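Given next are the chains, with one letter for each unit.
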Amino acid sequence: MEDRIYNFAAGPSMLADEVLIKIKEELFNYKGSGMSVMEMSHRSKGYLEIFENTKAGLRRLLEIPEDYEILFMHGGATGMFASIPQNLLKGKTADYVITGNFAKKAAQEAEKFGDVHIAYDGKENNYSLIPDENELNFSEDPAYIHICANNTIYGTEWKKFPKVESVPLVVDMSSDILSKPINVSDFGLIYAGAQKNMGIAGFAVAIIRKDLISETDPKVPSIMNYELSLKNDSMLNTPATYPIYVLGKVVEWLEEIGGLKEIEKRNILKAQKLYDFIDNTPFYRPHAQKESRSLMNVTFTTPDPELDAAFAKQATENGLSNLKGHRLVGGLRASIYNAMPLTGVEKLIDFMDRFAKENG
Ligand SMILES: *Cc1c(COP(=O)(O)O)cnc(C)c1O
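The rules behind each value
- Residues numbered from 1 in each chain as written.
- Predicted model: local features only at pLDDT ≥ 70, side-chain atom pairs only at ≥ 80, totals over all residues.
- Heavy atoms only, no water.
- Core = buried A, V, L, I, M, F, W, Y, C linked by side-chain atoms within 4.5 Å.
- Buried < 20%, exposed > 50% of the residue type's maximum accessible area, 1.4 Å probe, protein only.
- Helix = DSSP H or I, 4+ residues; strand = E, 2+ residues; numbered from the N terminus.
- Domains from an automatic or database assignment.
- Contact = heavy atoms within 4.5 Å.
- Buried area = accessible area lost by both parts, 1.4 Å probe.
- Salt bridge = Lys/Arg side-chain N within 4 Å of Asp/Glu carboxyl O.
- Polar contact = N/O pair within 3.5 Å; in protein donor to acceptor, adjacent residues only side chain to side chain.
- Nonpolar A, V, L, I, M, F, W, Y, C, P; charged D, E, K, R; others polar.
- Near = heavy atom within 4 Å.
- Areas by Shrake-Rupley, 256 points an atom, 1.4 Å probe, with all protein chains shown as cover.
- Pairing = 2+ DSSP bridges.
- Axes fitted to C-alpha atoms, helices over the stretch in contact; angles between N-to-C directions.
- Expected span 1.5 Å × (residues − 1).
- Bend = angle between axes of the 7 residues up to and from the residue.
- Phe/Tyr/Trp six-rings, centres within 6.5 Å; stacked < 30°, edge-to-face > 60°.

Engineer: What is the right way to read the nonpolar core from this model?
Structural biologist: Burial of nonpolar side chains together is a common tendency in soluble globular proteins. L274, Y284 and F311 are the most contacted members of the largest nonpolar core, which totals 93 residues. Here this core gets ten residues from one element, more than from any other, and that element is helix α6 (residues 241–257). The two domains that each donate at least three residues to this core are domain 1 (37–255) and domain 2 (259–359). Setting aside its immediate chain neighbours within four residues, F311 contacts Y284, F300, T302, L323, L332, L348, F351, M352 and F355.

What follows is the structure, given as structure tokens:
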């Protein structure tokens with residue numbers, strides 16, 4: 001592990017050492033099967049055990065109630081952008097709250113399938129904050145309300161979710177799922193691409209209230225049809241066998257360290273240290289407004305874009321990689337998901353301090 005660097009990428013992103021060690025141990029010969037999980041039939045007894053254990057572990061960890069189903073879907077979060085309206089719109093209007101680029105993409109995809117009402121768009125403030133509840137203009141009788149829990153590119157995060165009464169709240173949690181405890185019952189559908197806090201790229205997890213899966217239009221492509229996915233236990237075709245196995249390992253790791261309360265504590269500590277340093281160092285300017293800041297993606301700039309570029313380059317030379325911000329915001333971004341240890345954040349702060357002194 002000595003030559004591993006601290007990878008601040010937004011996704012795919014770091015995995016915990018503990019997870020990688022376990023995967024390595026099991027790589028050639030999974031529990032005496034004589035083969036790797038990668039080589040297993042998805043219908044085999046050995047693999048089905050992995051599959052069921054992963055689902056059961058996720059259910060324990062997130063305390064998913066009995067009336068919610070877990071589906072493993074293809075196409076990542078972007079696949080979900082398309083399948084959500086196709087399964088849930090049912091000829092009605094859907095409300096989308098645009099707090100960032102992925103929220104916008106979700107809305108644009110939904111527009112292909114029916115009526116979309118934009119309940120809020122934060123482009124005026126360059127998506128630097130999460131709106132107050134009274135700024136959201138919902139339509140009369142929406143099929144669902146869609147929000148993005150953590151805006152990966154801009155570095156903002158909902159601290160308190162909007163009250164939506166009986167309308168199903170659909171939430172993209174791609175970049176903050178498993179980072180803290182949540183109340184699953186607040187939502188109709190929670191979904192996330194796997195490659196940020198749930199392991200490696202290759203599929204999306206959908207946690208959906210059972211009653212929302214019904215009478216799906218037969219024209220919906222089978223691979224995006226929640227009813228068919230449920231009926232076939234997410235094995236309508238070959239699922240993303242290895243990424244699902246990796247999710248199982250991530251869940252085991254989180255349970256071993258003490259679950260979501262413990263990881264939340266660690267995440268708050270990491271983020272606080274980094275934000276405190278930024279707030280106290282005038283050389284750096286944060287992008288997100290204080291009360292909306294993300295625990296997962298910390299966005300900031302130096303006094304000019306050339307220095308931003310120099311920062312990213314020199315950081316890489318110091319074993320701190322992928323700190324360049326998304327092209328839409330520019331500047332810098334440190335993604336500090338569950339797997340980023342506190343030492344990584346401390347090393348980053350040391351580097352930032354040196355860089356500010358040398359260039360300020
Ligand atoms: C990364 C990300 C996506 C896109 O995920 P894919 O699995 O690549 O489609 C969508 N939403 C959010 C919030 C993300 O962070």
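There's more to say after this.
Engineer: Got a minute to help me understand the domain arrangement of the protein in this structure?
Structural biologist: Note on interface size: it is often stated as the accessible area lost on association of the parts. According to the domain assignment, the protein contains domain 1 (37–255) and domain 2 (259–359). Across the domain 1/domain 2 interface, buried area totals approximately 2,200 Å², and carbon plus sulfur atoms make up 56% of it. The interface formed by domain 1 and domain 2 contains zero salt bridges. Along the contact surface separating domain 1 from domain 2 lie 15 residue pairs in polar contact (both at pLDDT 80 or more). Taken together, the elements giving at least two residues each to the side of domain 1 that touches domain 2 come down to α2 (45–62), β7 (156–157) and α6. Among the elements that take part in the side of domain 1 that touches domain 2, α6 stands out by supplying three residues, more than any other. Looking at side-chain class alone, the side of domain 1 that touches domain 2 contains eleven nonpolar, ten polar and six charged residues.

Engineer: Would you mind going over the site of the ligand with me for this structure?
Structural biologist: Around the ligand, a shell composed of 13 residues is seen, among which T78, T152, D172, Q195 and K196 lie nearest. In this structure, an oxygen atom belonging to the ligand sits 2.4 Å away from a side-chain N or O atom of T152. Q195 places a polar side-chain atom, nitrogen or oxygen, 2.9 Å from an oxygen atom of the ligand. Protein contact buries 86% of the 380 Å² of open area that the ligand shows by itself. When residues in the shell around the ligand are grouped by element, the largest group, four residues, is from helix α3 (residues 76–88). By residue class, the composition of the shell around the ligand is four nonpolar, seven polar and two charged.

Engineer: When you look at the pattern of salt bridges in this model, what are you seeing that I'm missing?
Structural biologist: Close approach of charged atoms lets side chains of opposite charge pair. For the structure on display, the rule yields 19 salt bridges. Linking K265 and E262 is a salt bridge whose minimum nitrogen-to-oxygen distance equals 3.5 Å. Placement of the pair is K265 and E262 together in helix α7 (residues 259–279), with a separation of three residues, close to one helical turn. Here the salt bridges share partners, and the residues they tie into one network are E26, K249 and E252.

Engineer: Teacher, can you tell me more about the sheet that holds strand β11 (residues 285–286) here?
Structural biologist: An order of β11-β12-β14 is seen for the three strands of this open sheet, with the pairing classed as antiparallel. Two strands lie at the open edges of the sheet, namely β11 and β14 (332–335), each paired on one side alone. Inspection of the sheet shows β11 paired to strand β12 (residues 297–301) by two bridges, in the antiparallel sense. When the sheet's bridge partners are listed, P286 is paired in β12 with F300. Packing of α7 onto the sheet brings it into contact with β11, β12 and β14, and relative to β12 it is tilted by some 15°.

Engineer: Help me understand the environment of A271 in this model?
Structural biologist: Here A271 is to be found in helix α7. Separated by 124 residues in sequence, A271 and I147 place their C-alpha atoms 23 Å apart. Once residues lying within four places of it in the same chain are set aside, the contact partners of A271 are L295 and I336.

Engineer: Honestly, α3 in this entry has me stumped. Any pointers?
Structural biologist: Helical geometry note: an α-helix holds 3.6 residues per turn, so side chains three or four residues apart project in the same direction. Between the first and last C-alpha of α3 there are 18 Å, a value that for 13 residues agrees with the 18 Å anticipated at 1.5 Å per step. The axis of α3 is deflected most strongly, by about 30°, at A82, and proline P85 appears within four residues downstream. With twelve of its 13 residues buried, α3 lies for the most part within the structure. The set of residues buried in α3 consists of G76, A77, G79, M80, F81, A82, S83, I84, P85, Q86, N87 and L88. Count one or two residues on from α3 and you reach K90, which has phi positive near 50°.

Engineer: In this structure, what is going on with α6? I would like to understand it.
Structural biologist: With 17 residues, α6 should cover 24 Å at 1.5 Å per step; its first-to-last C-alpha distance of 25 Å lies within 8% of that length. The buried fraction of α6 is high, at 14 of 17 residues. Following α6 by one or two positions, G258 has its phi on the positive side, about 120°.

Engineer: What exactly am I supposed to notice about the packing of aromatic side chains here?
Structural biologist: Note on aromatic pairs: each is described by the distance of the centres and the angle between the planes. Per the counting criterion, the structure on display carries 18 aromatic pairs. A centroid spacing of 5.1 Å and a plane angle of 75° characterise the contact between F311 and F351, whose relative ring orientation is edge-to-face. Here F311, found in helix α8 (residues 305–317), pairs with F351, found in helix α9 (residues 342–359); they are 40 residues apart in sequence, far enough to count as distant. The residues F311 and F351 share a single accessibility class, namely buried. Taken together through their ring pairs, the aromatic side chains of F277, F283, Y284, F300, F311, F351 and F355 make up a single cluster.

Engineer: Help me understand unusual backbone geometry, please; the structure alone is not making it clear to me.
Structural biologist: Of note, the amide linkage connecting G11 to P12 takes the cis form, showing an omega dihedral of -10°. In the Ramachandran plot, K90 falls in the positive-phi region, its phi being about 50° despite a non-glycine side chain. Relative to the assigned elements, K90 resides in the loop between α3 and β3 (93–98). By relative accessible area, K90 is classed as partly exposed at 46%. In the Ramachandran plot, Y127 falls in the positive-phi region, its phi being about 50° despite a non-glycine side chain. Relative to the helices and strands, Y127 resides in the loop between β4 (115–121) and β5 (144–148). Look at Y127 and you get buried, because its relative accessible area is 5%.

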